[in-house]
Amino acid sequence: MDPKFRCPNCDVKIQADEKLGGQEVICPSCKTSVVVPKISFQVGEIIAGFRLEEWIGSGSMGEVYRATQISMDRDVAIKILRTDLVEDDENIDRFVNEVRILARLDHSNIVTAFEAGEHEGHYFLAMTFVSGENLDERLLREKQLPEKEMLEVTLKIAEALRYAWDRFQILHRDIKPSNIMLDGDDDEVRLTDMGISLRAGEELDPSQKGFVIGTPYYMSPEQASAREDLDFRADMYSLGTTLYHLVTGQVPHDADDPTAIMVKSINVDVPDPRAIRPELSDETCYIIRKMTKRQREDRYASWEELIGDLKFAIAGGKRKKKKRRKAPIVTTNASGIPIVEE
């Protein structure tokens, strides 16, 4: 089982030999040094009534396995806090935060938490197993994804985020293609990885104060500035840059290092997606521009407003273009008096 993991600096997927677990390698994309995760558990092991069937991957906090919940005889995804992080109370708090957030949420487009706890020193979270692929994997294969389908995906994620915000004031803070999965069993869209989610107004962990949390390619300007007064419009911006990437095949801002990418998001508008894909509709381009305004006051005023525009675009609606009023023609008569002709 060779580890597949994401570079914490540029988010590119890396596959390394299992023997390199715990050692540093150079990311092929951003050229920074990253540590290859160790696979801590073996297929067949039983953790708190869950039999591990397959190693899926590793994130910043934990390893994820497909497992069988023995008592229910059903497939689940189980995330286990990495053994090298258990000694740090801050890491346990972050892991417990994901458990706490997921426990509140019950929406068809958000993965569902089934059980969580601690077993022989191992902290775990069992949740919905999604049998399909994430949109980042599909992008790697197809380069650009169908416009209407991606509007439909964006609509479902927007509805999930509206639910999380309106009901619980919860922000995801890491919307990106790799955290959106297409379930192969029921063709449903699922939002995953609530590990750095936050309730608006909640006191930040002292370790997070002044630090930027999220993925630079999709991060809102206010999030890149480490502002603490984030609201739903930060997630809206990230969803807009995600939609841009899905339909164009390129991230809106790129640079040699994460800091430079964040500086661009703060100072540079998201480019016109039609510069890459000219056939995109006026409606899709308008939605992307509106979602990704650098000043959050210029974005949609609510999830409901965005959802209305997405439904309009999916239905094939055409935005009315404002007619430009022709400038009046001014001439003078024989006496030199101006005459305005409309």
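Note that this is a predicted model, so its numbers are computed, not measured.

Reading the values: the criteria
- Residues numbered from 1 in each chain as written.
- Predicted model: local features only at pLDDT ≥ 70, side-chain atom pairs only at ≥ 80, totals over all residues.
- Heavy atoms only, no water.
- Axes fitted to C-alpha atoms, helices over the stretch in contact; angles between N-to-C directions.
- Helix = DSSP H or I, 4+ residues; strand = E, 2+ residues; numbered from the N terminus.
- Parallel < 35°, antiparallel > 145°, perpendicular 65-115°, else oblique.
- Left-handed = near helix turned anticlockwise from the far one by under 90°.
- Contact = heavy atoms within 4.5 Å.
- Nonpolar A, V, L, I, M, F, W, Y, C, P; charged D, E, K, R; others polar.
- Buried < 20%, exposed > 50% of the residue type's maximum accessible area, 1.4 Å probe, protein only.
- Salt bridge = Lys/Arg side-chain N within 4 Å of Asp/Glu carboxyl O.
- Pairing = 2+ DSSP bridges.
- Core = buried A, V, L, I, M, F, W, Y, C linked by side-chain atoms within 4.5 Å.
- Polar contact = N/O pair within 3.5 Å; in protein donor to acceptor, adjacent residues only side chain to side chain.

## Examining the packing of helix H3 (residues 147–168) against helix H8 (residues 303–314)
So, point 1. Look at H3 against H8: their axes get within 10 Å of each other, and the N-to-C directions meet at 160 degrees. One finds that H3 runs roughly antiparallel with respect to H8. Considering the relative orientation of H3 and H8, their crossing is left-handed. Listed contacts from H8 to Lys148, Leu151, Glu152, Thr154, Leu155, Ala158, Glu159, Leu161, Arg162 and Trp165 of H3 are Trp303, Glu304, Leu306, Ile307, Leu310, Lys311, Ala313 and Ile314.
So, point 2. Looking at side-chain class alone, the contact of H3 with H8 contains eleven nonpolar, one polar and six charged residues.

## Observations concerning the side chain of Thr242
So, point 1. Mapped onto the elements of the fold, Thr242 is located in helix H5 (residues 232–248).
So, point 2. Overall, Thr242 belongs to the buried group, its relative accessible area being 1%.
So, point 3. Residues in contact with Thr242, not counting those within four places in the same chain, are Ile175, Lys176, Pro177, Ile180 and Tyr218.

## With respect to the pattern of salt bridges
So, point 1. Evaluated as defined, the whole model comprises 19 salt bridges.
So, point 2. We note a salt bridge from Arg66 to Glu54, for which the minimum N-O separation is 3.2 Å. Taken together, the residues span a long stretch of sequence, with Arg66 in strand E7 (residues 62–69) and Glu54 in strand E6 (residues 50–58) at a distance of twelve residues.
So, point 3. Beyond isolated ion pairs, a larger network of salt bridges with shared partners links Glu133, Arg138, Arg141, Glu142 and Glu149.

## As for the packing of helix H7 (residues 282–291) against H8
So, point 1. Packing of H7 against H8 leaves a shortest axis separation of 10 Å and a crossing angle of 165 degrees. Classified by the angle between their axes, H7 and H8 sit roughly antiparallel to one another. The crossing of H7 and H8 is left-handed. Between H7, through Glu283, Tyr286, Ile287 and Met291, and H8, the contact on the second element is made entirely by Leu306, Asp309, Leu310, Phe312 and Ala313.
So, point 2. Grouping the constituent residues of the contact of H7 with H8 by class yields seven nonpolar, no polar and two charged.

## Section: unusual backbone geometry
So, point 1. The backbone of Ala48 sits at a positive phi, close to 50 degrees, despite the residue not being glycine.
So, point 2. Topologically, Ala48 is positioned in the loop between strand E5 (46–47) and E6.
So, point 3. In this structure, Lys143 is a non-glycine residue whose phi angle is positive, near 75 degrees.
So, point 4. Along the chain, Lys143 turns up in the loop between helix H2 (135–142) and H3.

## Details of the sheet that holds strand E14 (residues 189–191)
Strands belonging to one sheet form pairs held by backbone hydrogen bonds; the direction of such a pair is parallel or antiparallel.
So, point 1. The sheet built from three strands is open, its strands ordered E11-E13-E14 with antiparallel pairing. Each having just a single partner strand, strand E11 (133–134) and E14 make up the two edges of the open sheet.

## Notes on the nonpolar core
So, point 1. Core analysis: the largest hydrophobic core is formed by 64 residues, its most contacted members being Leu105, Trp303 and Leu306.
So, point 2. Sequence-distant contacts of Leu306, that is, excluding residues within four places in its chain, are made with Ala158, Met236, Ile287, Met291 and Tyr300.
So, point 3. Formed by twelve residues, the second largest nonpolar core is a distinct cluster that contains Phe41, Ile47, Leu52 and Ile78.

## Some thoughts on the side chain of His172
So, point 1. Inspection of the secondary structure assignment puts His172 in the loop between strand E12 (170–171) and strand E13 (180–182).
So, point 2. At a separation of 3.0 Å, a polar atom in the side chain of His172 contacts the main-chain amide nitrogen of Asp174.
So, point 3. Looking at His172, its side chain comes within polar contact range of the main-chain oxygen of Thr192, at 2.9 Å.

## What about the pairing of strand E9 (residues 113–119)?
So, point 1. Here six bridges tie E9 to strand E10 (residues 122–128), and the two strands are oriented antiparallel to one another. Residue Ala113 lies in a different strand from E10, and its bridge partner there is Met127.
So, point 2. Taking the residues that link successive antiparallel strands as the turn, the E9-E10 hairpin has two residues, and the phi of Glu120 there is positive, at about 50 degrees.

## Thoughts on the pairing of E7
On a regular strand, one side chain projects to one face of the sheet and the next to the other, so that they alternate.
So, point 1. With seven of its eight residues buried, E7 lies for the most part within the structure.
So, point 2. As paired elements, E6 and E7 share seven bridges and run antiparallel to each other. Considered in E7, the bridge of Phe50 is made with Gln69.
So, point 3. With eight bridges joining them, E7 and strand E8 (residues 74–81) adopt antiparallel strand pairing. In the strand pairing of E8, Val64 is matched with Lys79.
So, point 4. Hairpin connection of E7 to E8: four residues between the antiparallel strands, including Asp73 at a positive phi of 50 degrees.

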